[in-house]
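Below are the chains, spelled out letter by letter.
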There are 2 protein chains.
Amino acid sequence: MSFDPGGGRIQASVPQLSAADAAETIGPDDIILVSGFGGVGYPKAVTPAIADRDDELSLTVISGGGVGATVDDALVEAGKLARRFPFQTRPAVRGAINDGTVAFHDRHISRVADEVRLGDFGDPNVAIVEAIAVGDGWLVPSTSIGNTPAFVEAADRLIIEVNRSQPLELARVHDVYTRALPPDRGPIPLSTPTGRIGGPEIEFDPDTLVGVVETEQTDTPYEFRDPTAVDAAIADNLQEFLEAEIRRNPMLERSVQLQFGVGSMGNALMGALSAIDFGDRTVRYFGEVFQDGLLDSLDSGLLSGASATSLALSDAGQQQLFDDIDRYADQVVLRPADISNNPALIERFGVVGINSAVEVDIYGNANATHIQGTRVVNGIGGGGDFNRNCRLGIIALPSTAADGEISRIVPMTPHVDHTEHDLSVVVTEHGVADLRGSSPRERADRLTAIADPAYRPRLERYAERAGTAGGHTPHDLDSAFDSTL
Amino acid sequence: MSFDPGGGRIQASVPQLSAADAAETIGPDDIILVSGFGGVGYPKAVTPAIADRDDELSLTVISGGGVGATVDDALVEAGKLARRFPFQTRPAVRGAINDGTVAFHDRHISRVADEVRLGDFGDPNVAIVEAIAVGDGWLVPSTSIGNTPAFVEAADRLIIEVNRSQPLELARVHDVYTRALPPDRGPIPLSTPTGRIGGPEIEFDPDTLVGVVETEQTDTPYEFRDPTAVDAAIADNLQEFLEAEIRRNPMLERSVQLQFGVGSMGNALMGALSAIDFGDRTVRYFGEVFQDGLLDSLDSGLLSGASATSLALSDAGQQQLFDDIDRYADQVVLRPADISNNPALIERFGVVGINSAVEVDIYGNANATHIQGTRVVNGIGGGGDFNRNCRLGIIALPSTAADGEISRIVPMTPHVDHTEHDLSVVVTEHGVADLRGSSPRERADRLTAIADPAYRPRLERYAERAGTAGGHTPHDLDSAFDSTL
């Protein structure tokens, strides 16, 4: 670990300014790149100060992943947010996106660093990033890394928030490795899922630095709901499947690499890990977020280490980690999002990915983002990176939504984020549908069998109705979305 | 190049047998792995002999990619084919799949080698592969490599067809590199798209060898239709887009890596390459099939080299290549399909992928496989490997099908193979829709603008009807598939 805070969080040579002064440097239609992933490590002072300006702004904001209210809520409530990429979790901005007043598109997390550097969203004007310390040409990120290395490289100007509430010991978890652009970049030289190939600092061109703003506001991270009885039943089915698969699959003979999706379902499944009998296998986490559910598995020694791009912990989880950072820092590594979610690493390491979805159709296509094909929830996030590249991609979801009023297993999903070609297995509280090596008709049988019993007759009637006309993947387009039949 | 045929095509120590005797070794429900990709390099004698058996068989056949009539037509016509993966192009087997009498699922090409070795399709019994030469524990493949290395490793038994009609000089194009299984495999050590990291031989365990069957039957490769006026207009639009993009995109500053999809459209676009002004950039092909359209570009020096897994040439193209194999062998390299289509290599090299589709919806989701969401055409093939991992993924397609009776730009596609998150650009004969950095509503405008003018009002009416209810991705599920409104 090369980082030494030495003379404190801010080296004397670095120019400082107020949040309001930093905000005044923003142009009326700037493209702003912000730090933040998993609801932590986002700017807390400059973006609210931009929102407080009394002139009209029409800004584009691009983040690593989910950020806090000081970015999304502040800017959208001030009417200053015009465009937003690649992921969001805040109700305020989601409402504006669904109203069509904010232009949004969700992108695969692993690609965004390249997409920004290649100019896919235009020429970025300014990066606003949170750090725990800054010096001449370097900064150390805080509770998430996300796309900060690429953002700092791509933006014309750089504003750094140094947050004194974030512990300096976070430097010990960071492993910053920056990739060159195609076509002249080599493979990522990571030989084990929890290895290290970089250091804590992100380098930047000092000529781009507008200045440093000091803050003290803590993250306002996700709150996870307590696991439900349905979560527990899903975890039981997942456990039974994984224990059998581990004995069979040569990829899992000596070690198991796991990833869980972001959110309460993922957190509940992470928390249920300790029930699984992994025998004497080494178990590692190679995912995009590190959530509360993993802390106990690290404490018990079940997990030998964890790789992610964000410490997406609750307040309590953050406290637990910060209180014992010396010990956790040896086991937890944070990477840039284009490394944590990299397709090559996911397939090389044989990661077993467990993600959720809004709904899955009877042929194994999954919708992870849209209600009724129309209203976006969050965004695809890293789900596509993992489902597509895992050799064992599992979707775990309750069989129903809205207190049983809606089946999450449907004849046809009106939005597809993960195709039938990507998923291996679907788990609900009613069982496991192993889709590997199966035809569409066989898939329909297996997925109907894990639907809520109340909805199975409807799915069977659909398969029968669609099947009369034949076809490889029988559909009746006139009634595919009709839930009354 | 280490290969020396030395004592001829078949070393004396290798057991030989007749096709009929080889066919008799097949069990009633065997899982058979066959060579072949792009309609070349498939078995020609043993599979017809299996079809000729007069007992009942219920076989599973897994190939690299498209094979010839001697595999698919023979077995399906004999009623001996029960299951088929991961790709097919023959009308006989396609009919049986759409009738539901053959179980099929199309898989991403890059994954199949791993999926077979990990047992996703069950435990493979026998591999039947075509070679140009065989010795003690090694064989040299013929006109395609496909999944032959993984198949030979995974199957309990091995039957080799040595085809004397295939030129021995093919050994000079092969670059066989075999990956270990996850999790303990390193990065693929290929530093340039047309580099070499292996040799011509595929190694096998001599204990698995049932025997060698001699054949002389030539490949019956694809026939490409002549380019149409619509193809030419699409090529013109693609040219204009690429010439502008090359000047803008830092990824394309010094070299351009191209991939074209399989088939007549891809072949026509390859053939139109010579019109594009690439300046002094190095231009390479990094794709899955090498088709006729590339020969002229190699001859003219426009292309400095080409990497693929199959020489999917017409009869005339094969003749041209074989006649001048000494020269072409320095420029063309064939790899296993899990290397030619590898996600990590496609994204490292910044490949620009140009693939086709059955239809694209107004939000940028593409259906590449199903008519009316129901009847399968071929399979996804490598389209997902390239679209998903290219930093510039282009879908090129005519704006209509069936002599203008059907629009290929639709409100909602009832089958999704490539999601809105994957594609960058769509090209028709009416223009280019650059989808990068755009929201769904903006995408709908851009894609409607390149639809056939006769269908634009219908698409606009749909967007208006769907838009009344709001939402990020406006849809009206009651009329999404109704082409009368």
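Conventions we followed
- Residues numbered from 1 in each chain as written.
- Chains lettered and ligands numbered in written order.
- Predicted model: local features only at pLDDT ≥ 70, side-chain atom pairs only at ≥ 80, totals over all residues.
- Heavy atoms only, no water.
- Pairing = 2+ DSSP bridges.
- Helix = DSSP H or I, 4+ residues; strand = E, 2+ residues; numbered from the N terminus.
- Axes fitted to C-alpha atoms, helices over the stretch in contact; angles between N-to-C directions.
- Buried < 20%, exposed > 50% of the residue type's maximum accessible area, 1.4 Å probe, protein only.
- Contact = heavy atoms within 4.5 Å.
- Expected span 1.5 Å × (residues − 1).
- Arc of directions from axis to C-beta.
- Core = buried A, V, L, I, M, F, W, Y, C linked by side-chain atoms within 4.5 Å.
- Domains from an automatic or database assignment.
- Buried area = accessible area lost by both parts, 1.4 Å probe.
- Salt bridge = Lys/Arg side-chain N within 4 Å of Asp/Glu carboxyl O.
- Least-squares fit on C-alpha atoms with pLDDT ≥ 70 in both.

Residue and element names in this part refer to chain A. Strand order across the open sheet formed by 8 strands is β13-β12-β11-β10-β14-β19-β23-β24, with mixed pairing between neighbours. The open sheet has two edge strands, β13 (332–334) and β24 (431–434), and neither has a second partner. Taken pair by pair, the neighbouring strands of this sheet meet at an average axis angle of 20°, ignoring direction. Bridge count for strand β19 (residues 392–396) against strand β23 (residues 425–428) is 3 bridges, and the pairing is parallel.

Residue and element names in this part refer to chain A. Every buried residue of helix α9 (residues 293–300) is accounted for by G293, L294, L295, S297 and L298. In the core, the buried residues of α9 are packed alongside α8 (264–271), β11 (282–286), β12 (303–308), α10 (315–323), α11 (325–328) and β13. Count one or two residues on from α9 and you reach G301, which has phi positive near 85°.

Residue and element names in this part refer to chain B. For helix α16 (residues 456–467), built from 12 residues, the straight-helix expectation of 16 Å at 1.5 Å per residue is met to within 8% by its first-to-last C-alpha distance of 16 Å. L459, Y462 and A466 are the residues of α16 that are buried. The buried side chains of α16 occupy one side of the element, clustering within an arc of 55° when seen end-on. The secondary structure elements touched by the buried residues of α16 are β24 (409–410) and α15 (440–448).

This part covers the nonpolar core. Counting residues in hydrophobic clusters, the biggest one holds 78 residues, and the most contacted among them are L139, I160, F290 and I394 of chain B. When we break this core down by domain, the ones giving at least three residues each are domain 1 (19–215) and domain 2 (229–467) of chain B. Core analysis: the second largest hydrophobic core is formed by 77 residues, V140, F290, L334 and I394 of chain A among them.

We now examine the sheet that holds strand β21 (residues 392–396) of chain B. All names here are of chain B. Sheet architecture is open: 8 strands sit in the order β15-β13-β11-β10-β16-β21-β25-β26, paired in mixed fashion. If you trace the sheet from one side to the other, it starts and ends with β15 (332–334) and β26 (431–434), each paired once. Going from strand to strand, the sheet's axes swing by 20° on average, the running direction of each strand aside. Note: strand β11 (residues 282–286) against strand β13 (residues 303–308), 4 bridges, orientation parallel. Bridged to R284 within β13 is G305.

For the rest of this paragraph, the subject is the interface of chain A and chain B. With 83 residues of chain A in contact, the opposing surface of chain B contributes 83 residues. Taking both sides of the interface into account, the surface hidden between chain A and chain B amounts to around 6,800 Å²; carbon and sulfur atoms contribute 47%. Broken down residue by residue, the surface that chain A buries against chain B is led by R388, H421 and H472 of chain A, which jointly contribute 12%. Our count for the contact surface shared by chain A and chain B stands at 14 salt bridges. Salt-bridge contacts for E347 of chain B lead to R185 of chain A; the nearest nitrogen and oxygen are separated by 3.0 Å.

Laying chain A over chain B is done by rotating through 180° and shifting 0.0 Å along the axis; what remains is an RMSD of 0.0 Å. Given the turn and translation reported, the copies of this chain are related as if by a two-fold rotation axis. Residue A344 of chain A, judged by its C-alpha, is the member of chain A lying nearest the rotation axis, at 2.3 Å. Most of the interface of chain A is mirrored in chain B: 100% of its interface residues are interface residues there too.

Across all of its chains, the model carries 62 salt bridges over all chains by this definition. A salt bridge links R107 of chain B to E115 of chain B, with the nearest nitrogen and oxygen atoms 2.8 Å apart. Among the charged side chains, a salt-bridge network with shared partners connects D114, R117, E153, R179 and R185 of chain A together with E347 and R391 of chain B.

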